[in-house]
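Residue-level structure breakdown
If you want the building blocks of each chain, they are given just below.
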Amino acid sequence: MRNFFRSQFNSFLNSDVEREQAIIRCIILAAVVAYLWFAPWLDPQTVSAPRIAALAYLLVSVPLYFHVTARPGKFSARKIAFTILDQVMIAYAVSFGGHTIPIIAFAFWVIIGSAFRYGYPYLFLSAGTASLGLLWNIYYNPLWTGSTTHGWAYLVSILFVVFYTSIFVARARESNRKLSESLVHFSELARVDSLTGLPNRLALVERLTQSIAMTKRLGTYISLLYFDLDGFKTVNDTLGHNHGDALLKEVAKQITSRIRSTDMLARLGGDEFIVILESTRHPQDAIIVAKSILETIHAIKIEGLHHVTETEVTLRTGASIGIATYGPDIQTEAPSVDEFIQRADDAMYIAKQEGKGCYRFWSEDPIQIEPVPSPAHVGISTGRFNLLN
């Protein structure tokens, strides 16, 4: 139940409630006007002035509702004017005597509502106006001359209402701030791979959607380099998953340092990675990056095989890369994100079938660009053991 009320309060605090406030004002004034004009037990001469005042304020409030509906937003003058007018009308109602306690309670409700709707300035504005109205009644209203004690009690009560309301609003806003920061933090975590710290598939799809649209607009090229590690399963099976995780981290670190800051390296899962090359001038620019990836991964040395062989050895791994490119002069219609990723994936499997340690371009034509073999096949070579942090 407590969480329910807190969620309702947060929803109320964060929403634009000026329109709802205008509706409530019109409903209350309509009920007051109906009571003053049609209640048979009221003396028409006694309530003639309140009738006119309530009707006039209703006639002002109805256009306000349509103005708020047509032009929602932060109109400070409009908020200030009706914050003051609400309390002026309450002070005027109090001046007639009778039903004072519910009217004062309504004044308190308006003060608290002003704080929740618009913040501290309107809290003090509403409370100040209500206090001035009470002081006027205490000193100048003949009906209050014999009960000034009640008037001063109401005035002190306003001070308590302002004090506790300000504390409650401050705590609520602090809670909202922390909640917003938590939501931002979790939103960022949802887009980051927990092992390598790279963007994950969700972040990749978001970025790729924007990149394809930008490519169409600028008339440049965009390439996807989809690669996985040749022999990664051997590393896991031979050395264990801890060494496999260390290899993935090192690959992420090394490849990130060798691509442009405007490009993206993302991990899809397992040992599969994708590089987005944006705003390239020629499709063949992807070859330079593909060669750099093959050389970089081949240069990574993996620790731990001496636990199995009892000799100082170095385990090396490699990669197979599939490349898909889009540009206005290559295809008239841009591929979807999923289709673009699938093309690069298909090209990667062609590279694996043709010997691994190389790259392949995706093409609707079965003729492929000649592969550039790399000495990055999985292998074990003797030599001095190097530590992988």
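Please refer to the structure placed before this passage.
A brief structural summary. (Residues numbered from 1 in each chain as written. Predicted model: local features only at pLDDT ≥ 70, side-chain atom pairs only at ≥ 80, totals over all residues. Heavy atoms only, no water.)

Brief notes about helix α2 (residues 18-38)
Quick note on the threshold: Under the DSSP-based scheme used, a helix requires at least four consecutive residues in state H or I and a strand at least two consecutive residues in state E, with every element numbered from the N terminus. Take the residue count of a helix, subtract one, and multiply by 1.5 Å to get its expected span. Only protein chains enter the accessibility calculation, which uses a 1.4 Å probe. A residue is then buried if its area is under 20% of the maximum for its type, exposed if over 50%, and partly exposed in between. Working note: the arc is built from the helix axis to C-beta atom directions.
A rise of 1.5 Å per residue sets the reference length of α2, with its 21 residues, at 30 Å; its end C-alpha atoms lie 30 Å apart and thus fit the reference within 8%. Inspection of α2 places Glu 18, Gln 21, Ala 22, Arg 25, Cys 26, Leu 29, Val 33 and Leu 36 among the buried residues, and these make up the whole buried set. Taken around the axis of α2, the buried residues stretch over an arc of 135 degrees, which confines them to a single face. More than 90 degrees from the buried face of α2, the exposed residues found are Ile 27 and Phe 38.

Some points on the sheet that holds strand β3 (residues 272-280)
Put simply, the rule reads: Strand pairing requires that DSSP identify at least two bridges connecting the strands. Lines fitted to C-alpha atoms define the axes here, with helix axes fitted over just the stretch in contact, and angles between the N-to-C directions of these axes take values from 0 to 180 degrees. Note on contacts: a residue pair qualifies if any of its non-hydrogen atoms lie within 4.5 Å across the two residues.
The mixed open sheet is built from five strands, whose spatial order is β2-β3-β1-β6-β7. Only two strands of the sheet have a single partner each, and these edge strands are β2 (264-269) and β7 (359-361). Ignoring which end each strand starts from, the neighbouring axes of this sheet average 20 degrees apart. Strand contacts of helix α8 (residues 201-218): β1 (221-230), β2, β3 and β6 (318-326), with the helix running at about 20 degrees to β3, the strand carrying the most contacts.

Observations regarding the pairing of β6
Taking burial as the measure, the nine residues of β6 include nine buried ones, the bulk of the element. Along β6, one buried face is formed by Gly 318, Ser 320, Gly 322, Ala 324 and Tyr 326 and the opposite face, lined by Ala 319, Ile 321, Ile 323 and Thr 325, is buried too. Pairing of β1 with β6 involves nine bridges; the strand directions are antiparallel. In the strand pairing of β6, Leu 224 is matched with Ala 324. Note that β6 and β7 share three bridges and pair parallel. From the neighbouring strand, Ile 321 faces β7, where its bridge partner is Tyr 359.

Quick look at unusual backbone geometry
Residue Ser 279 is not a glycine yet carries a positive backbone phi of 55 degrees. Mapped onto the elements of the fold, Ser 279 is located in strand β3. Phi is positive for Lys 356, which is not a glycine, with a value near 65 degrees. Residue placement: Lys 356 occurs in the loop between α13 (337-353) and β7. Assessed through its relative accessible area of 37%, Lys 356 is described here as partly exposed.

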